[in-house]
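Structural description and commentary
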Amino acid sequence: GLEMIESPYYQGARAGLPVGLYLVAMFLLFVLMTKVAIASVVLMLLMVCFPICIYSTMRITVSHTRGRVTWSSLWMQGIVSILCGSVLCGFATMVYLKFVEPDILVDMVQRCIDTYASLPGKEAAQMTEMLRSVIKMGLIPTATSFTMSMFWLTAFLGSVLSLVLALAASAIGRRKFGLRNQ
C-alpha cells in the first residue's frame with residue numbers, strides 16, 4: 001500500500017536545521033576570508049555544493065514516497081527548509097555582527113578603500129572617494145539591516161533554486177520508480 005506522504009512543511013522544517021547550519025558555516029567562512037586565505041576557497045566550494053544539500057533532502061522525500069510526491073510539494077519543502085535555515089543563519093549573523101565583531105562591515109569597506117587607493121587610474125580614485133563618502137555619510141548597513149537583507153536574499157534565491165531542484169527531483173524520482181509524468 002501507499003505510505004502516507006508527510007507534509008512538505010514538516011519535511012522542510014525538519015531539513016531546516018542542517019540547512020541552517022550549512023548557511024551559518026557559509027557566513028562564518030565569509031567573515032573569516034579576510035583573515036584566513038583558504039576560507040574563501042572553502043566558501044566557494046560550499047556555495048557550489050549548496051544545491052546538492054537541498055536536492056538531497058528532496059531526494060529522501062522522493063525515495064520515501066516511491067516517487068509519488070508532486071514537484072510542487074517538493075518545491076514547498078525546499079522553500080520551508082531554506083526559510084527555516086535562513087532564520088537560524090540570521091540569528092547567528094545578528095549575534096556575530098552585534099556582539100562578536102560589530103565593526104566588521106565598516107572594516108570590509110575600509111579594506112576596499114585601501115585596495116582601490118593602491119591602484120592606479122581615475123576609476124580606482126573615483127571608487128576610493130565614493131567608498132570614503134559611504135563611510136562618512138553613515139551608509140554602511142546596520143547589523144539588523146544587513147541580516148534582514150541577507151535573510152530575504154537567501155529566501156528569494158532559495159525559492160527559485162528549490163523550484164528547479166524540485167522539478168529535477170520529481171522527474172528523476174518518477175522515472176526511477178516507473179511512474180508516468182503527471
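To be clear, the structure that these remarks concern was listed above.
As a starting point, this report considers the structure included with it. The structure displayed is predicted, hence computed values, not measured ones.

1. Considerations on the environment of Ala 168
Assignment of secondary structure puts Ala 168 in helix H6 (residues 143-176). By relative accessible area, Ala 168 is classed as partly exposed at 31%. Separated by 77 residues in sequence, Ala 168 and Phe 91 have C-alpha atoms that sit 31 Å apart.

2. Describing a nonpolar patch on the surface
Residues Leu 32, Val 36, Ile 38, Val 41 and Val 42 make up a contiguous nonpolar surface patch of roughly 390 Å² in combined accessible area. Of note, Val 41 is situated in helix H2 (residues 37-64). What makes Val 41 exposed here is its relative accessible area of 52%.

3. Examining unusual backbone geometry
In this structure, Arg 66 is a non-glycine residue whose phi angle is positive, near 55°. Inspection of the secondary structure assignment puts Arg 66 in the loop between H2 and helix H3 (71-100).

4. Points about the side chain of Ser 86
Secondary-structure assignment places Ser 86 in helix H3. Those residues in contact with Ser 86 that sit more than four places away from it in its chain are Leu 23, Phe 151, Thr 154 and Ala 155.

5. Some remarks on the pattern of salt bridges
It is possible for side chains of opposite charge to pair when their charged atoms get near one another. All chains considered together, the criterion is met by two salt bridges. Two residues, Lys 35 and Glu 101, come together in a salt bridge whose shortest N-O distance is 3.1 Å. Residue Lys 35 is located in the loop between helix H1 (8-32) and H2, and its partner Glu 101 is located in the loop between H3 and helix H4 (104-117); the two are separated by 66 residues in the primary sequence.

6. Observations regarding helix H5 (residues 122-136)
Under the 1.5 Å per step criterion, the end-to-end length of H5 is 21 Å for 15 residues, consistent within 8% with the ideal 21 Å. Against the buried residues of H5 lie H4. Gly 138 sits one or two residues past H5 and shows a positive phi near 70°.

7. Looking at H2
With 28 residues, H2 extends 41 Å between its outermost C-alpha atoms, agreeing within 8% with the 40 Å of an ideal straight helix rising 1.5 Å per residue. If you look at H2, its biggest bend is around 40°, right at Cys 49, and the proline Pro 51 turns up within four residues after that. All of the buried residues in H2 are Ala 39, Leu 43, Leu 46, Phe 50, Cys 53, Ile 54, Tyr 55, Thr 57, Met 58, Thr 61 and Val 62. At its buried positions, H2 is contacted by H1, H3 and H6. A positive backbone phi angle near 55° is found at Arg 66, which sits one or two residues after H2.

The rules we used
- Residues numbered from 1 in each chain as written.
- Predicted model: local features only at pLDDT ≥ 70, side-chain atom pairs only at ≥ 80, totals over all residues.
- Heavy atoms only, no water.
- Helix = DSSP H or I, 4+ residues; strand = E, 2+ residues; numbered from the N terminus.
- Buried < 20%, exposed > 50% of the residue type's maximum accessible area, 1.4 Å probe, protein only.
- Patch = residues over 30% accessible without salt bridge, like charges linked within 9 Å, V, L, I, M, F, W, Y side chains within 5 Å.
- Areas by Shrake-Rupley, 256 points an atom, 1.4 Å probe, with all protein chains shown as cover.
- Salt bridge = Lys/Arg side-chain N within 4 Å of Asp/Glu carboxyl O.
- Contact = heavy atoms within 4.5 Å.
- Expected span 1.5 Å × (residues − 1).
- Bend = angle between axes of the 7 residues up to and from the residue.

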